[in-house]
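Below, each chain spelled out in residue letters.
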Amino acid sequence: MKTPKAFRNFSIFTVISFLICIALSNIVLAQDSPKKKSNQITPQLNGDAEALDINNIYLPFEKNGIIANVIIPPNGSGGQFAGHVFLFSAGFFLSGYTNGNLWANGVAPSTIVQDYLPGTYQTGSNDPNAIIYVVNSTDSAFGTSWHMWTNAVDLGADFYDGNGDGVYNPVDLNNNGVWDPNEDMPDLLGDRTLWCVYYDGVPAIQRRWNTVNPQGIEIKQTVFAYAMANGSLSNTIFIRYRIRNTGLLSPKLDSVYFATWADPDIGQYDDDVTGSDVLLQAGYSYNHNSDGEYGNQPPTFLADQIGGPTVYIPGETFIDNNGNGEYDEGIDTPIDTAQVMRGQNLGIRTFPGAKNMSISSFVEYLNGDPALNDPSNKEEARNYMLGLNRIGEVIDPCTFNHGVVLGGVDCSTVDPFFWFSGDPVTNVGWISTDQEDVRQMLTTGPFTLKENEEKEIFVAYIVGQGSTPLGAIPVARQWSHDDQIYYDNNFDITVSDVSSDNTSVVDEFQLFQNYPNPFNPSTKIKFTIPQFSLLGGDGRGGLITLKVYDVLGNEVATLINEEKPAGTYEVVFNAGSLSSGIYLYTLQYNNSILSKKMILLK
């Protein structure tokens, strides 16, 4: 018989909740007592909480950053798929140094960490406009939701500035009753978009880690999904975090790590298993066997970092010509360029001299093992974000008693910072042997938070379901791959994921990000030749060259050099004879050239 789960939906909105959490925190640290169900608080005000419920996933959100364990009638709480809960609670951890002092905070309710308040440092948590704003693709142009977005813009939300005056004013300028490109509109991503802002304003005495003061961090959160019936977009919810240092304590927060945190409950909560996929930049939870609620078809929940924070690294992302350790435009020479995808309306923002960070670690923690208990202080939280166990030890895959290395893989070669990075479907690599109530953390860092400079992190929550428990994993992986393509193409959902199809009509010359990336030793490169375009497409195609170069500009491979008709193509590049490093692949069609970067990691 299943024991109720502990501390459901911890909330900071009442003093009673704070006192309960402080009193119980030491009890929770024992970790071996039966789980007991706590009270769940239903948000009472319109805009306190909203849910995405437009595809195969139902997921509620609260305006202070809590994800999943928020009651919204009639569905109740929890992220739900196919009629059952798959995600009990989710949020994030942050850690860094301010003036040399370590801090950590976050939104992780089942770990009793809730350090953020709705609103901004300027307006405070009592601001009546600090709610969740909702806009749908089906909403009337210039209607209520468009005008309510004005309050969101006042709190820092983006908008499409159609008339270019820098002011959000959703007015039908020509009175034709429809939106035109020269008119303002909300930052609508997908078919349903939720936006809110919150800040780390909870006083130290009311926190679980009660030696950590507010650091002056604000987070703008955008959540969106598409109303699709099939495919990856029908099984995905996207979350964008924009993290800002307001300068409350320091103009620079150093060595910052951000962890996408989740407490999955795939049906029956105490039989979950975790794994990581470094190539997909993802961590996931699944079931080895049938589940008490989902039966023989439990899904896999996968959290995928599809867009990492930008970072400038001398000698790696730019040549530091003046030697000051900072990228100075017009002085230093960019080696790499980071990109932030803002959607089809706002376009792509580029950062010459920077790169988008990959994930730096994946870990789990759980009850019963003293080295893997809930983090009880900032040091332990930091350890997890560094890919260590709770007490700061590097895990040895050869001896770790929560996993095993299978399939003839040399355990000494397994990266200890990406826990359970093997393939449980084929039983090759580092595989978890736990079947418990687990929490997972997918971390990126380190990066610097300068005053008023935002760092953006894009995450996809993906649910895949197969015909068997382990069969759900490759489905979730495929959705992850497809979602990365959508992101890399700035959420252009018209992009097809067909590997080769020269019968479909293509009107744009495109080169897609290779997959997987990083790769070893082979990867796939996809591109399209336009049917009709200003590039000279006339339906007959033309001469296509696809070449690979190293970072010094030396050609290392020619993949295509021939006439091809218009259509969509995918080729395989095998780099078995090359060494690890960064390579460029360049596609030329008529007078146009496109290039992208890829990473070979052996």
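A few points on the structure. (Residues numbered from 1 in each chain as written. Predicted model: local features only at pLDDT ≥ 70, side-chain atom pairs only at ≥ 80, totals over all residues. Heavy atoms only, no water.)

1. Some remarks on the overall build of the protein chain
Threshold: We count a stretch as a helix when DSSP gives it H or I for four or more residues in a row; a strand needs E for two or more, and each element gets its number in order from the N terminus. Only protein chains enter the area calculation, which uses a 1.4 Å probe; residues under 20% of their type maximum are buried, those over 50% are exposed, and those in between are partly exposed. Here a residue-residue contact requires only that any non-hydrogen atoms of the pair lie within 4.5 Å. Computed with a 1.4 Å probe, the accessible areas rest on the Shrake-Rupley method; for each residue, only the protein chains presented here act as cover.
Per the secondary structure count, the protein chain includes five helices and 35 strands. Counting across all 602 residues of the protein chain, residues that qualify as buried make up 57%. Contacts in the protein chain between residues far apart in sequence, at least 24 positions, make up 66% of those at least 6 positions apart. Within the structure as shown, the protein chain displays about 23,600 Å² of accessible surface, and the carbon and sulfur contribution to it stands at 50%.

2. Thoughts on the pattern of salt bridges
Going by this rule: Take a side-chain nitrogen of Lys or Arg and a carboxyl oxygen of Asp or Glu: if they are within 4 Å of each other, that pair is a salt bridge.
Tallying each qualifying case throughout the model produces 19 salt bridges. Residue K547 is joined to E555 by a salt bridge in which the shortest nitrogen-to-oxygen separation is 3.6 Å. For E555, a relative accessible area of 42% puts it in the partly exposed group. Overlapping salt bridges, with partners in common, bring together D158, R242 and E456 in one network.

3. So, the sheet that holds strand β33 (residues 567-574)
Which entries qualify depends on this criterion: For two strands to pair, DSSP has to find at least two bridges joining them.
Strand order across the open sheet formed by three strands is β29-β30-β33, with antiparallel pairing between neighbours. Looking at which strands have only one partner, the edges of the open sheet turn out to be β29 (510-511) and β33. Strand direction decides the pairing type here: β29 and strand β30 (residues 522-529), joined by two bridges, are antiparallel. The residue of β30 that forms the bridge with Q510 is T528.

4. Examining the pairing of strand β11 (residues 192-199)
Summarising burial for β11: eight of the eight residues are buried, a large majority. The side-chain alternation of β11 yields two buried faces, one formed by R192, L194, C196 and Y198 and the other by T193, W195, V197 and Y199. Strand direction decides the pairing type here: strand β8 (residues 133-136) and β11, joined by four bridges, are antiparallel. Bridging across to β11, V134 finds its partner in L194. Looking at chain direction, β11 and strand β12 (residues 217-225) are connected through eight bridges and run antiparallel. Opposite R192, over in β12, you have A225 as the bridge partner.

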